Structure formats: C-alpha cells, structure tokens
Amino acid sequence: MEDYLAPVSGARHIHLTTSGAEMAFLVAFPTVPDASDGRAHILEHLALCGSQRYPVRDPFFAMLRRSTATFMNAFTYADRTVYPFVSTDTNDFFNLLDVYLDAAFFPKLDYLNFLQEGWRYTLTDGALGYQGVVFNEMKGAFADPGHALYKGLTSTILSGTTYEVDSGGDPLAIPELTHQMLKDFHASHYHPSQAIFMTAGPMPAADVQARISERVLARQTDVSKRRIPQLASAFTAPQRNTVRIPSQQGRDNEFGLQITWLMNESAIPKVAFEANLLSAGLLGDAAAPLMHAMETAGYGRPSGFNGHDDSARQMLFHVGMEGLTEAQVPLAEAHIWATLERVAEEGVPHATLQAALRDLKYSQRNTRSGGMPNVLERLLIALPVAMREGDVVTAFDSDAILQEMERDIADPAYFKSLVRHLLTSPGRLVSSIVPDAGYFSDRNALETARLAQVSATLTDADRARIAADTAALEAHQQTPFDTQALPRIRPGDVSAEPRTLPAIAPAVDDAHAFSIASNGISSASIVYDVSGMPAADWPWLALYTQLRDDLGIEGRDYADAGAWRQRMVPSFSFELQPFQMPDGALRIDLAVSASGLREEHANIASVLTAYIARPRFDEHVRLRYLLERKVENTLDGLAQAGNQYASMAVSAPLAPVRRFQDAIAGPTSLPFNAQLKALSATPEGLAQVAAELARIHAAILARRPSILCAGSGEDGHELARLLAAAFPAPVDTADASAAVRAPVPAAPLPLANVALHAAGQVNHCAIAWAVPMMHDADAGALSVAAELITNQVLHTALREAGGAYGGNAGYASDSGVFSMASYRDPRLAATYRDFDMALDTILATEYSDEQLEEAIIGVIKKLDKPEAPWDAVRLGWRMHRRGTDLATRQRFRHSVLACTQEQVKAVVLTYLKNGNASRAAFAGNTTQDLAGLEVLDLSVAAGA
Ligand SMILES: [Zn+2]
C-alpha cells in the first residue's frame with residue numbers, strides 16, 4: 001500500500017497494488033450536512049448528470065452502457081460521498097476515470113436536473129404535488145421500520161453532529177432545499193483539498209496521478225482545511241428516549257427496547273477490534289450469553305440491530321429486543337442488564353474469542369464479497385478509516401493487531417473488563433420503541449397540509465413558472481443528446497468467446513475437486529438433488545433449509561451445536577438452488593456448504609457430517625421460538641419486501657422455477673406463514689412441525705449427494721477425499737435413482753393480475769411474458785431487446801419523467817421470462833400505460849447503430865461479470881446441472897454480438913406485443929387507480 005499527498009492541494013491518494021485483472025478506483029469527499037434536506041444525496045445524483053467535458057444529459061447512465069466496467073455506482077453515507085468503479089480493461093479504466101473526475105469536480109449542476117433528480121412541484125388539473133427521483137427513492141427507504149429506528153437512535157446519541165440528520169433526505173424536508181443551496185454545498189465540499197482518491201490493481205499509481213493532475217489539480221486550485229465529522233459530546237449520565245416506527249397493523253407485540261452505547265473513535269484499530277470482540281463474545285452464536293438470554297427470555301426476540309456499528313466517527317454498540325408487548329419493555333431491559341452483569345463476572349470461553357479472531361483473519365483472506373468486486377470492497381472498508389484520520393495501514397493489514405489481541409484474550413479478565421465498561425459507561429441511550437400504525441398516514445397528512453399551505457399562497461405568476469419548469473423539463477428529457485464526446489467500448493472490442501468456467505467432468509463418487517486462487521481458504525458443498533419432492537412439500541423443504549443451522553445435532557442442543565460450529569468453521573450454510581432444464585423441467589438442489597482456513601479441513605468435514613447425518617428436531621421450545629421469529633419477521637417486512645413479492649407473483653405463472661420461488665418466498669408462501677403461526681401455538685402443532693422436518697430430512701438423505709470442493713493447490717482434492725469417505729452412496733440405490741425422476745408437472749397457473757397491498761408510500765410495478773430460454777435461437781435478440789427498452793424508453797419514461805427510482809426491462813435466459821418493472825414508483829396506472837407504450841415505441845423507432853451497440857455491450861457486460869474463484873466453481877456446477885454447455889454459451893454470445901435491429905423488433909412483436917402479459921404490482925395504497933389489478937392484502941394473506 002502506498003499513501004500519497006499532493007503538495008499544493010493536499011489531495012490524498014492511497015494505492016493498493018494487487019495482482020488480479022480488476023482495477024478499482026474511487027474518489028470520496030467528506031459530506032457533513034446539517035439538515036435533512038438530502039443535499040449530499042441529491043448532489044451525488046446531480047454530479048452524474050453532465051459535466052464540463054461531457055455536457056450530455058446523463059453521462060453516468062450513458063457510460064453504464066458504453067463501458068465494460070464490472071462495477072459503477074455512487075454512494076451517499078452519513079458522513080461521506082463516494083464515487084467508485086471497477087474495470088478489467090485499461091482503456092476502459094482510463095475512459096471512466098476521465099468521466100468520474102469530471103463529474104465530481106466539474107459537474108454542470110443544471111437547474112432542470114435538480115428538478116428531475118431532487119424535487120419539483122407538479123400541477124395536475126390545478127392540484128399541487130411533489131415529484132423527483134430522490135424524493136421517491138427516500139419515500140421507499142422510509143418503508144423500512146429499521147430506517148426510523150436507526151434515525152431515532154442516532155439523532156439523540158449523536159446529537160449535535162452530522163449524524164443527527166438524515167443524509168439521504170427526509171421526504172418532508174427535501175422540499176426545503178433550493179438549487180442555489182445545492183451548488184453552494186458542492187463548492188464548499190468537492191475540491192482536491194477535501195478529496196481522497198483510492199485505487200487498487202496492477203496499474204502504476206503514477207499513471208493515475210498523472211491523469212488526476214492533468215484533469216483536476218491543474219484546474220481546481222481552491223484549498224481548504226479537510227473536513228472531518230464532529231464528535232458527539234460525552235454524556236454525563238445515561239439518557240432515555242422514545243422512537244416511533246412504522247407498523248402495518250399496530251399489533252400489541254411490536255414494541256421494542258434498544259440500548260445504544262457511544263464508544264471511542266471507530267478509526268482507532270484497537271477500538272474497532274474490541275467492539276468486534278464484544279459482538280462475537282456477547283452475541284456471536286446461539287450460546288453467546290446475551291444472544292442466549294434474549295432468545296430464551298420466553299418473550300420477544302433479539303432485534304435486527306445488535307452488535308457494533310462503525311458507520312459514524314464514534315463507534316456505537318447496540319443491544320436490544322423487538323416483538324415485545326408494552327409491559328415487557330422494562331422486563332427486557334432488566335434481563336439484558338442482569339446478563340451483562342453476569343458476563344462481567346464470569347466472562348466467556350476463551351475458544352469463543354479465539355473463533356472471533358479466526359473469523360477476522362478469514363475475512364481478510366476471503367476473496368468473495370457480497371455483490372461487489374473484492375478489490376473495491378477492501379478499499380471501501382479502509383476508506384472511512386482514512387477519512388476519519390485513522391491508521392490506514394492497519395485497515396488493510398491487521399496481522400500485528402490480531403497478534404496483540406491473541407495475547408489480550410489469553411487473560412480472562414480482559415473480556416470481562418470490556419463488558420464492565422459497558423455497565424459503567426454513562427455514554428448510553430435507552431430507547432423505547434413504539435409501533436405506529438399511523439406512521440405513513442401521518443406523513444401523508446403532513447405532506448398534504450404543506451402542499452395546501454403552499455398552494456394557497458401561489459400567485460398566477462408562480463403557477464405559470466411551475467408550468468414553464470415542467471414544460472422545460474419535459475423538453476429537456478425528450479431532447480436526444482449527442483453522446484459523441486463520451487468514450488465507449490464497441491462490440492468489436494470485446495472477446496467473441498465466452499469466458500471459461502471450471503469444467504465439470506464425471507468423477508469417482510461424484511466428488512469434484514478444483515484448484516483455485518482462494519488465498520488459503522478451502523470450501524466444500526454437499527449437494528443433494530431433491531427435484532423429486534412433490535410441490536406440497538416445497539414450503540416444508542424451504543423451512544427445513546432455513547431452520548437447520550439454528551437447531552441442534554445429536555449429542556448437542558442447539559446452543560451447544562451453534563457454539564461448536566462457530567469454533568470449527570467461519571462459514572456454514574444450507575441453501576436451496578432451483579433451476580430449470582431446457583425442456584422446462586424443474587430441478588431443485590439442496591447444498592450444504594462450509595468454508596474455512598486451509599488448516600481447518602478436518603473441521604469442515606466434521607461440521608458437514610454432523611449437520612447432515614445427525615440432526616435433531618426434538619427441541620420444541622427452540623422450534624417454537626424460531627417459528628415465531630420467522631412469522632413475525634415476515635409480517636414486519638411486508639412493505640419492504642413489496643418489490644420481491646411483485647416480481648415473484650408476476651413471473652410464477654410463466655416458468656416452473658419462478659413458481660417454485662413464489663411457493664417458498666413469494667405471496668403464495670404467505671398462507672404457510674399463517675399455518676406456521678397456528679402450529680407454533682400448541683404442543684401438538686409443534687410436534688407436527690418436528691415430524692414434517694424429520695420426514696423431509698429422511699427424503700433428502702435417501703439421495704446420493706454430489707461433492708464439490710475447492711482450495712489452493714491440492715487443498716480441494718484433499719478435502720474431496722475426506723468428504724467422499726464421509727458421504728458414501730446410500731444403501732438403497734433404487735430410492736437414489738428416484739431422485740432424478742422429474743416431478744409431475746403442475747397444472748398451469750392463470751396469468752397474474754394482482755395489486756399486492758401493504759401500507760407504504762410508493763409502488764413497485766411489474767409486467768412479464770413467457771419467452772424461450774437460452775438454448776433458443778431468439779435468446780440473443782431477447783437479451784438485447786431488454787437492454788434497448790431499458791436504455792431508450794423506460795429510463796426516461798419511468799425515472800426521469802415518472803419520478804420512480806428505477807425502471808428497467810430484463811430477460812432471464814435461465815427461466816424464459818421477459819419482464820418490465822418499476823421500483824419505488826409514485827405512479828401505478830400511468831406506469832402500466834408506459835409499459836405498453838414502450839413496446840410500441842421500440843417497434844416504431846429506427847435506432848442508430850450506436851444505440852443498438854450500447855444494448856449489446858450491456859448484455860456482454862453482464863455475461864462477463866467476474867466471479868470470485870469459489871463462486872465460479874459453483875456457477876460452473878449449476879451450468880453443468882442445467883445442461884448449459886460451452887457450445888450453448890458460444891451460440892448465445894455470438895447471437896448477441898451479431899444481433900440486428902430487425903431481430904429485436906421481431907422478438908418484441910412475436911413474444912411481447914402479440915404475447916399474453918402477466919401483471920403484478922405492490923401498491924402502497926389502494927385508493928389510487930389500480931389499472932384493473934385485483935387487490936390482495938398481504939397482511940391478511942400472512943395471517944396478521
Ligand atoms: Zn439515490
């Protein structure tokens with residue numbers, strides 16, 4: 001790692017040399033707003049809407065389809081704004097660097113873009129309203145009860161700092177922001193003396209610096225003292241507050257209790273590691289004392305917020321319970337407190353703390369990451385440390401401090417003293433959480449009242465100005481812009497051949513081993529083909545998969561088993577992997593997986609063997625708790641999951657694999673939730689659930705599993721040998737062959753026409769058609785059609801004009817579903833009209849070669865997204881299982897690269913325009929025009 005400071009401006013550049021192909025860049029600014037008007041967030045959106053060198057309407061979205069970047073985005077955090085991208089191509093990397101630097105330092109911040117992305121008034125038949133992308137994005141974010149809860153905590157414990165306000169923007173406060181305030185915020189916050197540049201990859205740091213100097217430092221000479229977020233003032237005594245959170249029904253068991261501690265600065269390595277250790281020791285597994293105490297209290301459950309939290313300059317530590325009645329709130333507080341006092345006396349086992357340090361080591365070596373390239377994730381973890389003037393070297397490599405911690409935990413008094421400190425610190429806030437069924441209607445009423453107030457004072461001139469702004473914005477959105485100034489990658493620049501994936505050859509014992517660049521981490525999956533299970537068993541199979549790692553195994557109760565497993569391996573999971581064959585047949589795999597350091601092979605084998613061969617289902621008290629938790633979490637999350645529910649409901653009738661997903665996690669699964677609620681209420685019901693789980697288990701074990709292993713060098717092969725010995729074929733081979741027998745195909749479902757309802761402030765709309773899968777000659781044109789519809793029609797109609805946060809079309813080649821969807825959408829009926837319009841527009845418009853090529857690059861980019869080595873093995877396995885061979889992938893890629901406009905129009909006409917559409921939306925209210933959709937109340941379906 002190298003750390004540079006530019007001499008005059010004070011701009012900082014941190015470069016990490018890595019050997020992989022990926023090149024990551026980010027530029028970050030401290031953004032410390034003092035109001036909840038969303039200025040930092042709206043600025044992030046506006047910076048991407050055109051700049052001096054690239055004065056087009058939205059270079060960011062244009063580059064999404066002109067670049068082969070594997071990641072492009074921008075993020076607004078509570079105290080910083082970050083613009084990152086990753087590419088594997090040197091030309092593309094420097095192209096994007098130019099676009100990003102110009103966007104951040106020299107954005108146009110055009111007034112019309114402010115109206116589009118931030119907020120604006122609308123006049124509909126004389127009635128005043130609000131519109132805007134961020135405005136609606138944040139209305140969607142407010143659907144999450146956790147959002148209100150978190151703001152309720154931080155606004156008090158971090159009062160007087162930037163963390164007190166909502167950096168994303170509160171839709172009730174966003175209309176207080178003016179265009180001029182936004183420009184001032186940019187001028188004061190975005191210049192080189194504030195910037196931190198970070199890069200990782202094989203390219204020389206000097207090349208990046210030369211470009212930054214030329215494009216930015218030579219032109220932007222403002223210097224100001226680097227901003228750093230304020231520190232909250234220390235509490236002299238603990239405080240209390242009450243936080244109201246949105247609730248669908250205002251049920252009497254939706255109260256909660258949260259205790260939040262204010263700790264030392266999160267950029268100090270020791271502070272971060274000790275907070276980590278506290279989380280692991282108190283809450284890390286089912287036997288950890290605080291977790292165990294909360295799960296076995298006999299009421300409520302641990303809240304979703306527990307553990308350390310480094311999102312602010314000062315570390316926070318959260319402990320709390322949810323699902324309480326009002327009377328249980330003080331009981332929960334006393335219970336948590338008594339447990340902490342006991343742990344301060346007794347401590348926790350040394351092995352627990354050792355496992356916590358092993359997990360830290362594992363996460364540093366791990367090359368897999370959640371949803372973004374690993375190189376970028378490493379930068380993003382170190383970034384807040386750099387911005388808060390902490391020790392960046394340790395943020396990248398913590399071996400030394402891990403060794404120090406090893407010595408610390410050897411003394412039993414050490415952990416006790418950390419807990420004792422929690423008990424004695426005055427820096428804590430105790431919050432009572434109160435469910436508020438009127439949360440959204442109150443916010444709607446406030447918004448309506450403000451609009452009425454403004455409306456009453458509007459002069460004719462004001463109304464004329466609003467109308468003129470609206471007309472100017474519409475004209476701006478309809479103006480085709482010249483993208484010539486923007487660099488681009490063309491179809492001829494990308495490889496004509498698909499990337500190679502690990503090949504799966506027949507193997508002895510069906511055990512497959514791979515040598516991968518895993519950085520000393522070994523992984524294994526034991527995969528059972530459970531396709532033969534009847535559809536009536538699917539919800540039970542899903543429940544089995546969800547509960548197994550929270551239940552016990554022979555000889556160990558669930559808590560003991562959880563603690564043992566945590567000591568043995570850092571990563572363990574049960575996972576269902578459904579997929580669809582080219583002939584439409586459904587296949588379902590159940591994978592039980594574990595990963596660990598290469599020195600832990602024996603542990604991996606022990607854990608997999610114990611959990612697969614020796615489950616127990618007789619812990620009925622535990623079972624009741626887990627069922628109640630599942631039922632309540634589903635009920636709490638109805639509005640938040642509205643988008644997934646709509647997407648599952650719309651596609652379930654179109655493809656067997658989607659039908660399976662809907663049956664286990666979509667609206668169709670909600671009656672099962674209600675059934676579980678009833679069963680968990682009686683001993684007989686619990687016995688019945690236990691019996692069903694045991695029956696599912698026996699059916700799984702009758703199959704012969706496949707074994708997948710991977711690791712550095714010979715490690716994967718060694719692990720495969722261990723596991724092949726542990727998982728011999730079942731004796732009854734007749735039953736094993738039944739596993740591959742396809743289930744009887746279910747009768748087709750009628751197309752959906754449904755408005756799924758839970759209380760919220762936005763909608764999510766979806767429409768979908770059954771189309772051929774990847775093996776078909778039309779698959780390439782369908783995939784290009786989805787990109788073209790998104791780029792040329794939906795982005796403008798649904799987002800820019802309609803105000804939805806997202807709008808896009810998609811083709812799923814593995815299930816044969818083509819869909820269009822909006823996300824966090826203020827409209828519903830008008831969006832469905834736009835879906836129809838999109839097809840007509842595509843059929844009637846002559847697109848340029850450039851527009852078609854952008855759509856092609858959009859498809860290729862998704863195909864070429866790099867996978868971490870173990871994920872590539874698993875992807876290769878799934879391709880093998882569903883019969884997608886290299887020849888199929890080649891045919892598909894070639895047809896994408898050679899796709900013509902005539903082919904796109906032909907598939908749009910045949911399958912979409914002349915096809916039968918399925919329609920499903922999530923509707924935040926049912927008083928709007930529902931476009932003929934039939935209402936289904938999600939709360940009722942789920943048995944609230
Ligand atoms: Zn946003």
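Our structure's up above, just so we're on the same page.
Read on for a plain summary of the structure. (Residues numbered from 1 in each chain as written. Predicted model: local features only at pLDDT ≥ 70, side-chain atom pairs only at ≥ 80, totals over all residues. Heavy atoms only, no water.)

Regarding the overall build of the chain
Counting its regular elements, the chain contains 35 helices and 26 strands. For the chain, whose C-alpha radius of gyration is 28 Å, the value lies close to the compact-globule estimate of 30 Å for 944 residues. When its C-alpha atoms are laid out on the principal axes, the chain stretches across 80 × 70 × 60 Å. Looking at the chain as a whole, 59% of its 944 residues are labelled buried. In the chain, 83% of the contacts between residues at least 6 apart in sequence involve partners at least 24 apart. For the chain, the exposed surface amounts to about 35,600 Å²; the carbon and sulfur share of it is 52%. Across the chain, 79 positive and 108 negative side-chain charges occur, with their mean positions spaced 1 Å apart. (Helix = DSSP H or I, 4+ residues; strand = E, 2+ residues; numbered from the N terminus. Rg over C-alpha atoms; globule rule 2.2 N^0.38 Å. Buried < 20%, exposed > 50% of the residue type's maximum accessible area, 1.4 Å probe, protein only. Contact = heavy atoms within 4.5 Å. Areas by Shrake-Rupley, 256 points an atom, 1.4 Å probe, with all protein chains shown as cover. Lys, Arg positive; Asp, Glu negative; His and termini not counted. Charge placed at Lys NZ, Arg CZ, Asp CG, Glu CD.)

Let's talk about the coordination of the zinc ion
Donor atoms from the polypeptide that coordinate the zinc ion comprise H41 (NE2), H45 (NE2), E137 (OE) and E137 (OE), at 2.1 to 2.6 Å from the metal. Taken together, the four donor atoms coordinating the zinc ion and their angles of 55 to 153 degrees define a geometry best described as irregular. Linear spacing of the donor residues for the zinc ion on their chain is H-x3-H-x91-E. Of this pair, H41 and H45 both sit in helix α1 (residues 39-47), four residues apart, which is roughly one turn of that helix. Of the two residues examined, H41 and H45, each falls in the buried class. (Donors = N, O, S within 2.8 Å, 3.2 Å for Na, K, Ca; no water. Tetrahedral: all angles 85-135°; square planar, octahedral: opposite > 155°, others 65-115°.)

Quick notes on the sheet that holds strand β16 (residues 511-515)
Across the sheet, five strands lie side by side as β16-β20-β17-β19-β18; this open sheet has mixed pairing. Edge positions in the sheet fall to β16 and β18 (571-580), since each has one partner strand and no second. Neighbour-to-neighbour, the strand axes of the sheet open up by a mean angle of 20 degrees, direction not taken into account. Bridge analysis of β18 against strand β19 (residues 586-597) gives ten bridges, and the strand direction is antiparallel. Residue pairing in the sheet places Q580 in a bridge with L586 of β19. (Pairing = 2+ DSSP bridges. Axes fitted to C-alpha atoms, helices over the stretch in contact; angles between N-to-C directions.)

Topic: the side chain of E333
Following the sequence through the fold, E333 ends up in helix α11 (residues 328-346). Once residues lying within four places of it in the same chain are set aside, the contact partners of E333 are R240, L257 and V430.

Some points on the packing of aromatic side chains
Counted according to the given criterion, the structure contains 30 aromatic pairs. Relative to W337, the ring of W261 lies with its centre 6.4 Å away and its plane at 10 degrees, an arrangement referred to as stacked. Separated by 76 residues along the polypeptide, W261 in strand β11 (residues 255-265) and W337 in helix α11 bring together distant segments of the chain. The residues W261 and W337 share a single accessibility class, namely buried. (Phe/Tyr/Trp six-rings, centres within 6.5 Å; stacked < 30°, edge-to-face > 60°.)

Comments concerning the packing of helix α9 (residues 269-283) against helix α12 (residues 350-365)
In contact at an axis separation of 9 Å, α9 and α12 are set at 125 degrees when each is read in the N-to-C sense. On the basis of the axis angle, α9 is oblique to α12. In terms of crossing hand, the pair formed by α9 and α12 is right-handed. Judged by residue contacts, F273, N276, L277, A280 and G281 of α9 engage T352, L353, A356, L357 and L360 from α12. Looking at the contact of α9 with α12 residue by residue, the class counts come to seven nonpolar, three polar and no charged. (Parallel < 35°, antiparallel > 145°, perpendicular 65-115°, else oblique. Left-handed = near helix turned anticlockwise from the far one by under 90°. Nonpolar A, V, L, I, M, F, W, Y, C, P; charged D, E, K, R; others polar.)

Structural notes on helix α13 (residues 374-387)
Taking 1.5 Å of rise per residue, the 14 residues of α13 would be expected to cover 20 Å, and the 20 Å separating its terminal C-alpha atoms lies within 8% of that figure. The buried fraction of α13 amounts to eleven of the 14 residues, a majority that puts the element mostly inside the structure. Inspection of α13 places N374, V375, L376, L379, L380, A382, L383, P384, V385, A386 and M387 among the buried residues, and these make up the whole buried set. One or two steps after α13, the chain reaches E389, where phi turns positive at roughly 60 degrees. (Expected span 1.5 Å × (residues − 1).)

Considerations on unusual backbone geometry
Leave glycine aside and you will find that most residues have negative phi; peptide bonds, for their part, are mostly trans. In the Ramachandran plot, E389 falls in the positive-phi region, its phi being about 60 degrees despite a non-glycine side chain. Considering the arrangement of structural elements, one finds E389 in the loop between α13 and α14 (392-396). A residue is classified by how much of its surface remains accessible, and E389, at 53% relative accessible area, is exposed.

Some words on the nonpolar core
One finds L543, F572, L608, L623, I700 and L723 to be the most contacted residues of the largest nonpolar core, which totals 83 residues. The contact partners of L543, leaving out residues within four places of it in the chain, are L627, K630, F672, L676, V689 and L693. Of all hydrophobic cores here, the second largest spans 68 residues; its members include F106, L109, F185 and L451. (Core = buried A, V, L, I, M, F, W, Y, C linked by side-chain atoms within 4.5 Å.)

Quick look at helix α15 (residues 399-410)
One full turn of an α-helix is made of 3.6 residues, so residues set three or four places apart face in the same direction. Taking 1.5 Å as the rise per residue, α15 with twelve residues should run 16 Å; its terminal C-alpha atoms sit 17 Å apart, in good agreement. Summarising the contacts, the buried residues of α15 are in contact with α9, α12, α14 and α16 (412-424).

Structural notes on the sheet that holds strand β23 (residues 806-812)
Strand order in the open sheet made by the six strands is β23-β24-β22-β25-β21-β26, with mixed pairing throughout. Edge positions in the sheet fall to β23 and β26 (934-937), since each of these pairs with one other strand and no more. Here the average twist between neighbouring strands, direction ignored, is 20 degrees. Looking at chain direction, strand β22 (residues 764-770) and strand β25 (residues 918-923) are connected through five bridges and run antiparallel. Bridge pairing in β25 links C765 to A921.

So, the pattern of salt bridges
Counted by the stated rule, this structure contains 51 salt bridges. Salt-bridge contacts for R629 lead to E295; the nearest nitrogen and oxygen are separated by 3.6 Å. Of this pair, R629 sits in helix α22 (residues 620-636) while E295 sits in helix α10 (residues 289-295); the two residues are 334 residues apart in sequence, bridging distant segments of the chain. A residue is classified by how much of its surface remains accessible, and R629, at 25% relative accessible area, is partly exposed. (Salt bridge = Lys/Arg side-chain N within 4 Å of Asp/Glu carboxyl O.)

Notes on the side chain of R881
You can see R881 is positioned in helix α32 (residues 869-881). At 3.0 Å, the side chain of R881 and the side chain of D529 are in polar contact. (Polar contact = N/O pair within 3.5 Å; in protein donor to acceptor, adjacent residues only side chain to side chain.)

Section: the packing of helix α29 (residues 779-801) against helix α34 (residues 901-913)
The interhelical angle for the contact between α29 and α34, taken along N-to-C directions, is 90 degrees, at an axis separation of 9 Å. Our classification of the angle between α29 and α34 gives roughly perpendicular. For the pair α29 and α34, contact is made by A781, L782, V784, A785 and L788 and by Q903, V904, V907, V908 and Y911, respectively. When the residues that make up the contact of α29 with α34 are grouped by side-chain class, the tally is nine nonpolar, one polar and no charged.

Quick word on the pairing of strand β2 (residues 12-17)
For β2, the tally of buried residues reaches five of six residues, placing the bulk of the element in the interior. Remark: six residues form the turn of the hairpin made by strand β1 (residues 2-5) and β2, two consecutive strands paired antiparallel; G10 in that turn has positive phi of roughly 85 degrees. Pairing between β2 and strand β9 (residues 196-201): six bridges, direction parallel. The residue of β9 that forms the bridge with R12 is I196.

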